[in-house]
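What follows is each chain in one-letter form.
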Amino acid sequence: MDEITQVATSGEIDTLTSNKDGLSLKGKLAYLPAFSIFILFACGVAVLGHFWNSKEMAEHGQLKRSLADVIQGREASAVERIYKDVFPIRDFSTGLLNLISFKVFGEARKGLIKGSDGWFFSDEEFSWNRKSLSMLEKHLSFVEDTLSTLREAGVEPILLLVPEKADIYRDKLGDVAVPSSREHYYENVRLRLSIMGAPVPDLREAFLQAREQEPVFLKSDTHWTVQGARVAARSVAQMLAHRPELKHKEFTLKPEEEIVHMGDLYKFAKFSIFEPFVSMPGDRLTSLAAVTADASLDDLLSDEDEGPQVALVGSSYSANAKWSLEAQLKAEAKVDIINFAEEGKGPFAPMKTFLKDKLHEQKELKYVIWEIPLRYFDEVAY
């Protein structure tokens, strides 16, 4: 009897203990909504504080605003844009989504085309919209007007039409194909330019032949390699060779220290903190510098008296010394060159600046080499 009583008593105690634990768990869960609200409130305050104390918001606070800006919603739109830019988890979430898209589906974000064997391409070389044709005609008209202006000034133009990377490396596009609108784009534009009477070396054909020996474009960048720039320089040199009006001089090419260049196309990827999970090896690059041979005192004095006879105008393909176009033009053509190319402005804006501010200053100028990447002809932003 005592054993039965002991068992019964033990069972009651266990039941009571179980009921007590259950009540304790329910009591804790009752605080969960309040705790969650507090956490969300704290996160909201932190986000608001981060936004309000951001550099972007401080700069915006220094701007003058009118009552009309507030009433018409311009102030609210400006603040909203800043909030989106400085939102704390924006980079994290964007980077994570880009990583998943890149790794799982083999696709890159807007602006970037992922090819095969580590090749990347700009989507500018695949686009064609309702404004493309009008922009093409606009830029061709500007080229024609520019050629007339140069000739009136006694300067002969040479057009360096750079082919598109996607066209030269079609076998590296992976599952992507060159659109039909750009199938014969280079040939058509080159023909239009040739009709204007300016020499236009066929860089597309030259690049297709040269790429069999060495790369003419960088894998991770929109620009050409030093070797690609050399092909372009030799094409121009053939046109400047044996010109009696030019004063020729010898240049030697001195290689710089090799670097690993992280291409501009990587910037479109935006993996944020997830970059270590993506292989981005970059391109090995050895730039070249043009060095003049030993010159006599008379030659040096003569060079100071005479201005440059050949000018280079264009985009970052010419302006950036990494690709060494200017240096290789000097060595291949055996002429001194003054460079008016600019980075980040395309090929047309630098020419406008040159015609307006520089052309009248170049009294001895005989030739202008105008480097124009094909992809800019139909671009709205340039």
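The preceding data block contains the structure.
Residues numbered from 1 in each chain as written. Predicted model: local features only at pLDDT ≥ 70, side-chain atom pairs only at ≥ 80, totals over all residues. Heavy atoms only, no water.

1. What about the nonpolar core?
To keep it simple, the criterion reads: We define the nonpolar core as a collection of buried residues of types Ala, Val, Leu, Ile, Met, Phe, Trp, Tyr and Cys that are connected through side-chain atoms lying within 4.5 Å of one another. Burial status follows relative accessibility: with a 1.4 Å probe on protein chains alone, a residue under 20% of its type maximum counts as buried, one over 50% as exposed, and anything between as partly exposed. Starting at the N terminus, helices and strands are each numbered in turn, a helix being any DSSP run of H or I of at least four residues and a strand any DSSP run of E of at least two. A contact between two residues is defined here by any heavy atoms of the two lying within 4.5 Å.
Counting 71 residues, the largest nonpolar core has V143, L193, F217, W224 and F377 as the members making the most contacts within it. At eight residues, helix 11 (residues 226-240) tops the list of elements feeding residues into this core. Setting aside residues no more than four positions away along its own chain, F377 makes contact with M135, L136, H139, L140, V143, L161, Y185, V189, L193, F348 and I372. L112, Y266, A269 and M280 belong to the second largest nonpolar core, which has eight residues in total.

2. So, the packing of helix 10 (residues 203-210) against helix 11
In plain terms, the rule: To get an axis, a line is fitted to the C-alpha atoms, and for a helix only the part in contact is used. The angle between two axes follows their N-to-C directions and goes from 0 to 180 degrees. Any angle from 65 to 115 degrees is called roughly perpendicular, while one under 35 is roughly parallel, one over 145 is roughly antiparallel, and all others are oblique. In this scheme the handedness of a crossing depends on how the near helix is turned from the far one: anticlockwise by less than a right angle means left-handed, clockwise means right-handed. When residues are sorted by character, Ala, Val, Leu, Ile, Met, Phe, Trp, Tyr, Cys and Pro go into the nonpolar class, Asp, Glu, Lys and Arg into the charged class, and all the rest, Gly among them, into the polar class.
Remark: helix 10 packs on helix 11, axes separated minimally by 10 Å, with the N-to-C direction vectors making an angle of 135°. The angle between the axes of helix 10 and helix 11 places the two elements in the oblique class. Here helix 10 and helix 11 pass one another in a crossing that is right-handed. Here helix 10 contributes L203, A206, F207 and A210 to the contact with helix 11, which in turn contributes G228, V231, A232 and S235. Grouping the amino acids of the contact of helix 10 with helix 11 by side-chain chemistry returns six nonpolar, two polar and no charged.

3. A closer look at helix 11
What counts here: Each helix should span, by expectation, one fewer than its residue count multiplied by 1.5 Å.
A rise of 1.5 Å per residue sets the reference length of helix 11, with its 15 residues, at 21 Å; its end C-alpha atoms lie 21 Å apart and thus fit the reference within 8%. Taken together, the buried positions of helix 11 are occupied by V226, G228, A229, V231, A232, A233, S235, V236, A237 and L240. For helix 11, the elements touching its buried residues are strand 3 (156-162), helix 10, strand 6 (283-285), strand 7 (288-292), helix 15 (325-333) and strand 10 (367-373). The positive-phi residue at the C-terminal boundary of helix 11 is H242, with phi of around 60°.

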